[in-house]
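In case you want the letters, here they are:
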Amino acid sequence: MDKPISVLLNDARNILVDAVNQCNLHPALLEPIFREIYNEVKYHAEIISRKEQQEYEHALTEATNSEPTDR
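Residues numbered from 1 in each chain as written. Predicted model: local features only at pLDDT ≥ 70, side-chain atom pairs only at ≥ 80, totals over all residues. Heavy atoms only, no water.

Let's talk about a nonpolar patch on the surface
Move 1: Nonpolar side chains collect at one region of the surface, where Leu25, Leu29, Ile33, Phe34, Ile37 and Val41 lie side by side and expose about 520 Å² of accessible area between them.
Move 2: The topology assignment puts leucine 25 in the loop between α1 (5-23) and α2 (27-66). (Patch = residues over 30% accessible without salt bridge, like charges linked within 9 Å, V, L, I, M, F, W, Y side chains within 5 Å. Areas by Shrake-Rupley, 256 points an atom, 1.4 Å probe, with all protein chains shown as cover. Salt bridge = Lys/Arg side-chain N within 4 Å of Asp/Glu carboxyl O. Helix = DSSP H or I, 4+ residues; strand = E, 2+ residues; numbered from the N terminus.)

Remarks on unusual backbone geometry
Move 1: In this model, asparagine 24 sits at a positive phi of 55°, which is unusual for a non-glycine residue.
Move 2: Counting through the fold element by element, asparagine 24 comes out in the loop between α1 and α2.

Some words on the pattern of salt bridges
Any two side chains of opposite charge can pair if their charged atoms end up close together.
Move 1: Scanning the entire structure with this criterion turns up three salt bridges.
Move 2: With a shortest N-O distance of 2.1 Å, arginine 35 and glutamate 31 are connected by a salt bridge. Note that arginine 35 and glutamate 31 are positioned in helix α2 at a spacing of four residues, about one turn of the helix.
Move 3: Among the residues examined, arginine 35 registers a relative accessible area of 44% and is labelled partly exposed.
Move 4: Exposure remark for glutamate 31: the relative accessible area of 43% places this residue in the partly exposed category.
Move 5: We note a salt bridge from lysine 51 to glutamate 55, for which the minimum N-O separation is 3.4 Å. Highlighted residues: lysine 51 and glutamate 55, both in helix α2, separated by four residues, approximately one helical turn.
Move 6: Overall, the relative accessible area of 44% leaves glutamate 55 in the partly exposed class. (Buried < 20%, exposed > 50% of the residue type's maximum accessible area, 1.4 Å probe, protein only.)

Describing α1
Move 1: Taking 1.5 Å as the rise per residue, α1 with 19 residues should run 27 Å; its terminal C-alpha atoms sit 27 Å apart, in good agreement.
Move 2: Phi turns positive one or two residues past the end of α1, at asparagine 24, with a value near 55°. (Expected span 1.5 Å × (residues − 1).)

What follows is the structure, encoded as structure tokens:
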């Protein structure tokens, strides 16, 4: 059985919190690191979202084109 998304999100959060706690850096040093990571995640999320939208639209077009026409 696959984990529910809420469990996956909670697991990911716990992993990140543990990593932050283990690095023992001052929050002033963590902030630019988090900003950089956030920007990378945001960039890739936007790319994936656009790709998924294009794939979905392509699939809809293919499905519409493959439907039999009434004569």
